[in-house]
Amino acid sequence: MKNNSMLYRITAIASAALLLTACTATEPEETSVPEPVITFPDAPEDVYEVKIGETIWLEPVVENGADCTYRWLMEDVTVGTEIIYLFEATQVGRFFLTFEVSNERCTVDKEIRVDVLETLPPSISLAVPDDGFIIAVGTEKRFEPVVRNDTNASFSWSINGEIKADTKDYTFAAAEPGDFAAVFTAENEDGSDTIEFGISVREADEMPFVWEWERDTYHMTLGRTLLLAPLSATNSFDAVYTWRLEEEVLQQSDSPRYLFRPEHTGQYQLSVTMENEYMTQAKQLTVEVFDSEDAFLREITADSSPDVNKVWEFLPAPGQFVNEYYTADNMEEACAYAESRFAMQAYVSLGAFGGYIIAGFDHSVINDGGYNLQILGNSFDGSSEPGIVWVMQDENGDREPNDTWYELKGSEYGKPETISDYAVTYYRPSGPGKDVPWTDNQGNEGSVKYLGAFHQQDYYYPNWVHTESYTLRGTRLQDRTTDQSGNGTYWYNGSFDWGYADNFSPIDRLTDDDNYNAGVNANHLRISDAVDSEGNPVNLKYIDFIKIHTGVQAEAGWLGENSTEVFGIRDYNMIK
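If you're wondering where the values come from, they're calculated on a predicted model, not measured in any experiment.

A closer look at the overall build of the chain
Scanning the chain for helices and strands turns up two helices and 44 strands. By its C-alpha atoms, the chain is 85 × 70 × 40 Å across when sized along the principal axes. By the burial criterion, 52% of the 576 residues in the chain qualify as buried. At a minimum sequence separation of 6, the contacts of the chain that also span at least 24 residues come to 71%.

Right, dumping it as structure tokens:
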């Protein structure tokens, strides 16, 4: 468990038989004795924490443990020969113990870690918006903080200095408008942790209407359909949205979405007005329509490379590889890091759901109807972390990825369990070594777990995100992550048929190699699978830019979050 490398992470789940154990004796040619399997169910990350001066029982579970002998070793010295070992915390530090199980077939072992600490105070994680919470009069808000080291802890909720509850979870409600100061405290004998935030209770007509737009100016090619819609809209109540071109009303409905189909080239000035019984708000947009996609095609030259030549954006979701072994304080530095990794054919981790990378080629990648794009990952049977792939054509010819993204339809596109407009907001943790809370636009919340046994950088929240929260959006697949052991030791990330990065596809990997050693291997995708916002084929002749984002929101126990890994992106036309 001391190995922090990515290779350790991906090979550790290759099979249950290899899960941190290995036969160290020669197996008889014929035997009916099964190999023992060791797990520590009360330490999913194989890490125990104990306070100095106390003791802790280390209690493994051994499957196939009949007629076995046991041995505990610390620094290669035998310290116990029973299945259970009493560890005495006599000094502060980090201690590694190996538990061996032997039968007539073989010897297997597993290493665990015991951290002896001066204190074990509680640690609170709670997703709090930058400006606190805003709720309407008469509604309720349920708070369910995550508290680590909460054994024997006491809890306290106060509102405006008055104690309201002594439970970990708390439901707030107010019959009158006002501003409230909430304080939650968790305390045990070793210390306490506190989080403070504001709750603003307002009448419906005072609830702020907020809509967020990706941009003010859009580009498109004549003959295509462009979806114009805010990324999000809150507190709209029973709004009516009116779309206008100049003064002409184009659409009036309860939906802010509008499909724009221009009849000629040029610049269009559109507006949308949101109106409800409390307020009116308008947004102005410009759409530039170009005549033909042929005008900006960039031909391949003798100097062209099959690999992407520039990373335009790199914004991972929080994850165990974020900020590890690299420092980036702004987007430019983050992109430089990603470019350097691609140059070495080393992984770039996109973190949990929505984490993304945008890259471009030094030429246009032609759609010949077959596989045109090759994306390198490290999937193998039981370890698929699918990335959704998007493509963009340089429709306005400015050589920048500021036009329309089209999703490459994969095998899960359009299925009921696939969410096309999924959004997750991640919140900066209150201190180092803490989980990263998140909420989504489906009313769910959770956290990206801090895995200190493997990845010990202070924060999994990207250093170059300077706001207290950020939101990532895209298509979300229903994850296929399962605990096949039933006790948290063997996690299986199932594959999808085709159309995704870092996915052990039986189709688009174009090989039957099982990639048992978790090496770099490729998924192949077709530009002809690009669809517009309505799911209709776009029929792009070529593309110039590509975007990949992690397509699931899933945790696999001690393995941590599912995170798409990308080792490189290539124009497959140039190498096939």
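Observations concerning the sheet that holds strand β8 (residues 93-102)
Overall, mixed pairing links the five strands, which are arranged β2-β9-β8-β5-β6 in an open sheet. In this open sheet, the two strands that pair with only one neighbour each are β2 (47-51) and β6 (77-80). Taking the axes of each pair of neighbouring strands and ignoring which way they run, one obtains an average angle of 35° across the sheet. As paired strands, β2 and strand β9 (residues 107-117) are joined by five bridges and run parallel to one another. Of the residues in β9, the one forming a bridge with K51 is L117.

Remarks on a negative patch on the surface
Together, E176, E203, D205, E206, D238 and E277 give the surface a local cluster of negative charge. Of note, E176 is situated in the loop between β16 (170-173) and β17 (178-188). Judged by its relative accessible area of 56%, E176 falls in the exposed class.

A short note on the pattern of salt bridges
Applying the stated criterion across every chain, the model contains 27 salt bridges. Measuring nitrogen to oxygen at the nearest pair gives 3.1 Å for the salt bridge that ties D115 to R94. Of this pair, D115 sits in strand β9 while R94 is found in strand β8, placing the two residues 21 residues apart along the sequence. Accessibility expressed as a relative area gives 42% for R94, which makes it partly exposed.

Some words on unusual backbone geometry
Leaving glycine aside, a negative phi is the common case for residues, and trans is the common case for peptide bonds. Notably, E75 is not glycine yet its phi reads approximately 55°, a positive angle. Its location among the elements puts E75 in the loop between β5 (69-74) and β6. Residue class for E75 comes out exposed when judged on its relative accessible area of 73%. Here A518, not a glycine, exhibits a phi torsion of approximately 60°, which is positive. One can find A518 in the loop between β39 (491-493) and β40 (521-525). Residue A518 is classed as buried on the basis of its relative accessible area of 6%.

A closer look at the nonpolar core
If you look at the biggest cluster of nonpolar residues, it comprises 69 residues, and the most contacted ones within it are F314, Y426, I546, I548 and I569. At six residues, strand β30 (residues 356-366) tops the list of elements feeding residues into this core.

Let's talk about the confidence of the model for the chain
Averaged over the chain, the pLDDT score is 90; the fraction of residues at 70 or greater is 94%. Overall, residues 1-29 carries pLDDT values under 50, and its contacts beyond four positions in sequence, including any with other chains, amount to 78 contacts.

Structural notes on the packing of aromatic side chains
The tally for this structure, following the rule as stated, stands at 38 aromatic pairs. Here the aromatic rings of Y70 and F99 are separated by 5.9 Å at their centres, their planes lie at 10°, and the arrangement is stacked. Placement of the pair is Y70 in strand β5 and F99 in strand β8, with a sequence separation of 29 residues. Through a chain of ring-to-ring contacts, three or more aromatic side chains come together here, namely F209, W211, W213, Y241, W243, Y258, F260 and Y268. R476 extends its terminal NZ or CZ atom over the ring of Y422, reaching a point 4.8 Å from the ring centre.

A closer look at the sheet that holds strand β23 (residues 240-245)
The sheet built from five strands is open, its strands ordered β20-β27-β26-β23-β24 with mixed pairing. What marks the edges here is a single partner per strand, and that holds for β20 (217-221) and β24 (248-253). On average, each strand axis in the sheet is inclined to that of its neighbour by 25°, with strand direction left out of account.

Quick notes on the state of the cysteines
Two cysteines form a disulfide when their sulfur atoms are joined by a covalent bond. Counted under the stated rule, the structure contains zero disulfides. Of all cysteine sulfurs, the one in C106 lies closest to C68, which takes part in no disulfide; the gap is 8.7 Å.

A closer look at the environment of G474
Tracing the backbone shows G474 in strand β37 (residues 469-476). You can call G474 buried: its relative accessible area is 10%. G474 sits 74 residues away from I548 along the chain, and the two C-alpha atoms are 10.0 Å apart. Among all residues touching G474, those that are not within four sequence positions of it are F353, I419, S420, D421, Y422 and H549.

Thoughts on the environment of E212
Among the secondary structure elements, E212 is positioned in strand β19 (residues 210-212). Distance from E212 to L231, taken between C-alpha atoms, is 5.4 Å for residues 19 residues apart in sequence. Those residues within four positions of E212 in sequence are excluded, and the remaining contacts are P230, L231, S232 and R473. A distance of 3.2 Å separates polar atoms of two side chains, one belonging to E212 and the other to R473.

Reading the values: rules and limits
- Residues numbered from 1 in each chain as written.
- Predicted model: local features only at pLDDT ≥ 70, side-chain atom pairs only at ≥ 80, totals over all residues.
- Heavy atoms only, no water.
- Helix = DSSP H or I, 4+ residues; strand = E, 2+ residues; numbered from the N terminus.
- Buried < 20%, exposed > 50% of the residue type's maximum accessible area, 1.4 Å probe, protein only.
- Contact = heavy atoms within 4.5 Å.
- Pairing = 2+ DSSP bridges.
- Axes fitted to C-alpha atoms, helices over the stretch in contact; angles between N-to-C directions.
- Patch = residues over 30% accessible without salt bridge, like charges linked within 9 Å, V, L, I, M, F, W, Y side chains within 5 Å.
- Areas by Shrake-Rupley, 256 points an atom, 1.4 Å probe, with all protein chains shown as cover.
- Salt bridge = Lys/Arg side-chain N within 4 Å of Asp/Glu carboxyl O.
- Lys, Arg positive; Asp, Glu negative; His and termini not counted.
- Charge placed at Lys NZ, Arg CZ, Asp CG, Glu CD.
- Core = buried A, V, L, I, M, F, W, Y, C linked by side-chain atoms within 4.5 Å.
- pLDDT = per-residue confidence, 0-100.
- Phe/Tyr/Trp six-rings, centres within 6.5 Å; stacked < 30°, edge-to-face > 60°.
- Lys NZ or Arg CZ within 6 Å of the ring centre and 35° of its normal.
- Disulfide = S-S within 2.5 Å.
- Polar contact = N/O pair within 3.5 Å; in protein donor to acceptor, adjacent residues only side chain to side chain.

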